[in-house]
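Close look at the chain arrangement
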Amino acid sequence: MLVTNRNILDQELQVLIDKCGSDRTALMPALQAVQRKYGFVTDFAMQKIADVLGIHPVEVHGVVSFYSFLSEKPLGRFVIRLCQTISCDMAGKDRIASQLENELGIKFGETTTDKTFTLEWANCIGLCDQGPALLVNDILWTKVTPQRVLEIIEECRARLSPHAIQGQEEHLV
Amino acid sequence: MSTELTFSQIEKYAGVKTAAAGGRADILATMKTAGMRGRGGAGFPVSVKWNLAAAATGPDKFIVCNADEGEPGTFKDRLILSEYADIVFDGMTIAAIAVGAAKGILYLRGEYVYLLNDLEAVLARRREDGMLGQNAAGREGFDFDIDIRMGSGAYVCGEETALIESLEGNRGEPRNRPPFPVDTGYRGRPTVVNNVETLAWAACIFAKGAEWFNGLGTEKSVGLKLLSISGDCANPGVYEFPLGVSIADVLTAVGAENSKAVQVGGASGLCIPACQFDRKIAFEDVATGGSVIVFGADRDMLDVVDNFMEFFVEESCGQCTPCREGNEKLLEGVQMLAAGKCSMKYLKELCSLGKTMQVASKCGLGQSSPNAFLSVVEHFSDEILGRTEGSNA
């Protein structure tokens, strides 16, 4: 990370701490914000958060490694989480998984080399009546069929194209 | 597909206005009359929980709404929060008046982050309407506000003490109980942790009356309950039934009369075979937090248990040995059964291990994770034993 980026993170964390308080209860919101903006939590971010909250960095690492939505390694721009739990399983999640792997050329747990897509399994995402279901970042897809897998991926790619309407720049808070 | 829910008849703020017009003692008395037990699954009497927190001394107390709906097959809280968020916040406000809390926290599971903006908008409107903030709901000296905090994808955080650990910025590892959250909860302060549905019903109780509520259901399990129904049925969705409804009636309502078995209570619940479909969904018979998963005639029950055990192996927090190691062993046993390599003697040992986990695990996760395995072994032993490699039932 460039020094300037580190400075940006410093400032962003300070704003966050001003909002959430500087005790340990601010830890999860801080980590979630970093995860959302950067796609993962770097060692530097963990150290920095530990410093501002006055706790040991190992404590921060312990929390990051516990939660499945917090990651220590860089994930793709789009994280596709396919539900693997019983109702989606019975509704045919295996075929969706296989088609996702075919379209992206990666296995579950991997990220494409262009860092655009990550495939992950999710445990029950609460869409059991509309399975197979998956989440692309915060977006829901329900009753997915193998034929619709390409559509999902194309929609993500369209959002990255230079012609797409750019969203607001992301900030931690 | 859903039945018409009672929640759709309840006007926002109605419950709070009734409750605020009375006082703390009135609210606690009404809840006692209503006799509601917690809707999250454990079924602890709500009025007892509120009373314990109300009796605790000291100024800062917390109301936590547990929206970490992670039990496989449960999605009623998603529906409630997306369509009836106001009555959930009404319920939290009523609880806050009753116990004397100044702060409410909605702990929303990470998977439901897409609900966040709408929920924040509802809270903002409630502040504008004077239902939150200083002198909330028109009660002099009642300062109450609600924050939303997100989870980050951990099933175990639905356990109330793990949820509190997570709020405090720790790994979501359950605490020993006692002490219970009602005296030592968030930040060591008295904390009421209630399920989303529990709080929504609390608001209904004040809008429609305690007698209305306790006139429904059975003697030991009063009131209505939402069921999230999925699996092999024509019309999956969220349904409302009075407690005490038979499994057969539920199956008829969703178009799944010829089912082979039903998993009631999610992965941690019980597998009920067709011969027991006359059993009732109630705390005194088959209890559930709301999950009902239907298995059609062609389902391989071993595949089902395999899916559940993989779930628990991944979601065990790893803190206590019976749960961490036990779930691994049970999953291994399921895979041995599938390969046709499990002796009766070993299967009995696995069942004994499961029973040990039920008593020796630290929290509800490990205590209930062997349930599905044990009930499938009990009811479907003819189907799971003596398989040959590569075949299924």
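This is a predicted model, so every value here is computed, not measured. Counting starts from 1 at the beginning of each chain's written sequence and moves along it residue by residue. Here the convention is simple: chains get letters from A, ligands get numbers from 1, in the order in which they are written. Confidence filtering applies because this is a predicted model: local features only for residues at pLDDT of at least 70, side-chain atom pairs given and counted only at 80 or more, and all residues used for totals across whole chains, interfaces and linings. Hydrogens and water molecules were not included; the side-chain quantities draw on all heavy atoms of the structure.

**Considerations on the domain arrangement of chain A**
Defined as follows: Throughout the structure description, domain borders are defined by an automatic or database domain assignment.
For chain A, the assigned domains are domain 1 (2–66) and domain 2 (78–164). Domain 1 of chain A and domain 2 of chain A are separated by 29 Å when their C-alpha centres are compared.

**What to know about the environment of L9 of chain A**
What counts is decided by this rule: Only DSSP runs of H or I covering at least 4 residues are called helices, and only runs of E covering at least 2 are called strands; the numbering of each starts at the N terminus.
Take L9 of chain A: it is sitting in helix α1 (residues 3–20). Along the chain, L9 of chain A and A45 of chain A lie 36 residues apart, while their C-alpha atoms are 7.6 Å from each other.

**Points about helix α11 (residues 301–315) of chain B**
Residue and element names in this part refer to chain B. What counts, and what does not: By definition here, a helix of n residues has an expected span of 1.5 Å times n minus one. Buried residues are those whose accessible area, probed at 1.4 Å on protein chains only, stays under 20% of the maximum for their type, while exposed residues exceed 50% and partly exposed ones sit between those limits.
With 15 residues, α11 should reach 21 Å at 1.5 Å per residue; the first-to-last C-alpha distance of 21 Å fits that figure. Taking burial as the measure, the 15 residues of α11 include 11 buried ones, the bulk of the element. Residues M301, L302, V304, V305, D306, N307, F308, M309, F311, F312 and E315 constitute the buried set of α11.

**A word on helix α4 (residues 57–66) of chain A**
Spelled out, the test is: Every residue pair with non-hydrogen atoms within 4.5 Å of one another is taken to be in contact.
Every buried residue of α4 of chain A is listed here: V60, G62, V63, V64 and F66 of chain A. Turning to α4 of chain A, the residues buried within the fold contact α2 (27–38) and α3 (43–53) of chain A.

**Topic: the interface of chain A and chain B**
Test applied: Buried area adds together the accessible area that both of two parts lose upon being put together, with accessible area traced by a 1.4 Å probe. We count a salt bridge whenever a side-chain nitrogen from Lys or Arg sits within 4 Å of a carboxyl oxygen from Asp or Glu. In protein, a polar contact requires one atom able to donate a hydrogen and another able to accept it; more generally it is a pair of N or O atoms within 3.5 Å, and residues adjacent in sequence count only if both atoms are side-chain atoms. The classification used treats Ala, Val, Leu, Ile, Met, Phe, Trp, Tyr, Cys and Pro as nonpolar, Asp, Glu, Lys and Arg as charged, and all other residues, Gly among them, as polar.
Taken together, the contact pairs 32 residues of chain A with 48 residues of chain B. Between chain A and chain B, a total of about 3,000 Å² is buried, with carbon and sulfur atoms accounting for 55% of that surface. For chain A, the biggest contributors to the area lost against chain B are F66, I86 and M90 of chain A; these three give 21% of the whole. Viewed at the interface, chain B and chain A are joined by two salt bridges. With its nearest N and O atoms 3.3 Å apart, the salt bridge here joins D129 of chain A to R78 of chain B. Put simply, chain A and chain B have 25 residue pairs in polar contact (both at pLDDT 80 or more) between them. Mapped onto the side of chain A that touches chain B, the elements with two or more residues apiece are α2, α4 and α5 (86–90) of chain A. The residue inventory of the side of chain A that touches chain B, partitioned by class, reads 16 nonpolar, 11 polar and five charged.

**Things to note about the packing of aromatic side chains**
All names here are of chain B. Rules: Put simply, two rings from Phe, Tyr or Trp (the six-membered ring, in Trp's case) pair if the centres are within 6.5 Å, and we call them stacked under 30 degrees between planes, edge-to-face over 60, tilted for the rest. Consider the ring centre and the ring normal. A charge sits over the ring if Lys NZ or Arg CZ is within 6 Å of that centre and within 35 degrees of that normal.
This structure, assessed with the given rule, holds 15 aromatic pairs over all chains. A ring pair is formed by Y239 and F241, whose centres lie 6.3 Å apart and whose planes are at 15°; its orientation type is stacked. Residues Y239 and F241 agree in their burial class; the two are buried. A centroid spacing of 5.4 Å and a plane angle of 75° characterise the contact between F311 and F312, whose relative ring orientation is edge-to-face. Residue classification places F311 among the buried positions, given a relative accessible area of 3%. An aromatic cluster is built from F7, Y84, W201, W212 and F213, whose rings are joined through pairwise contacts. Between K12 and the ring centre of Y13, over which it is positioned, the NZ or CZ distance is 5.7 Å.

**Brief notes about the packing of helix α12 (residues 321–338) of chain B against helix α13 (residues 344–360) of chain B**
Packed helices, taken two at a time, are described by the angle their axes make and the gap between the axes. Residues and elements named next belong to chain B. Applicable threshold: Every axis in this analysis is a line fitted to C-alpha atoms, fitted for helices over the stretch in contact. Angles between the N-to-C directions lie between 0 and 180 degrees. Our angle categories are set so that under 35 degrees counts as roughly parallel, over 145 as roughly antiparallel, 65 to 115 as roughly perpendicular, and the remainder as oblique. Should the near helix be turned anticlockwise from the far one by less than a right angle, the crossing is termed left-handed; should it be turned clockwise, right-handed.
It is at 10 Å that the axes of α12 and α13 come closest, and there the two elements cross at 155°. Looking at the two axes, α12 sits roughly antiparallel to α13. For the pair α12 and α13, the sense of crossing is left-handed. Residue-level inspection shows P322, G326, N327, K329, L330, E332, G333, M336 and L337 of α12 in contact with α13, the latter providing Y346, L347, L350, L353, M357 and A360.

**Looking at the pairing of strand β1 (residues 78–83) of chain A**
All names here are of chain A. Counted only if it meets this: Here a strand pair is declared whenever DSSP counts at least two bridges between the two strands.
Burial of β1 is extensive: six of the six residues sit out of reach of the surface. Residues F78, I80 and L82 line one face of β1 and the alternating positions V79, R81 and C83 line the opposite face, and both faces are buried. As defined by bridge partners, β1 adjoins strand β2 (residues 117–122) across six bridges and the pair is classed as parallel. Across the sheet, residue I80 finds its bridge partner in β2, namely L119. Bridging between β1 and strand β3 (residues 134–136) involves three bridges; their strand directions are antiparallel.

**Thoughts on the sheet that holds strand β9 (residues 270–273) of chain B**
Residue and element names in this part refer to chain B. Spatial strand order, β6-β5-β11-β8-β9: five strands in an open sheet with mixed pairing. Looking at strand neighbours, the two that pair on one side only are β6 (237–242) and β9, the edges of this open sheet. Pairwise comparison of adjacent strand axes, ignoring direction, gives a mean angle of 30° for this sheet. Sheet topology note: the strand β5 (residues 224–231)/β6 ladder contains six bridges and is antiparallel. From the neighbouring strand, I229 faces β6, where its bridge partner is G237. Across the sheet, helix α8 (residues 196–208) lies against β5 and β6, angled at about 145° from β5, the strand it touches most. Sheet strands touched by helix α15 (residues 371–379): β8 (261–264) and β9. Its angle to β9, the strand with the most contacts, is close to 20°.

**Regarding the confidence of the model for chain B**
Basically, it comes down to this: A residue's pLDDT is simply how confident the predictor is in it, with values from 0 to 100.
Counting all residues, the mean pLDDT for chain B is 95, and 98% of those residues have values of 70 or more. Scored by ipTM, the complex comes to 0.93, with pTM at 0.94.

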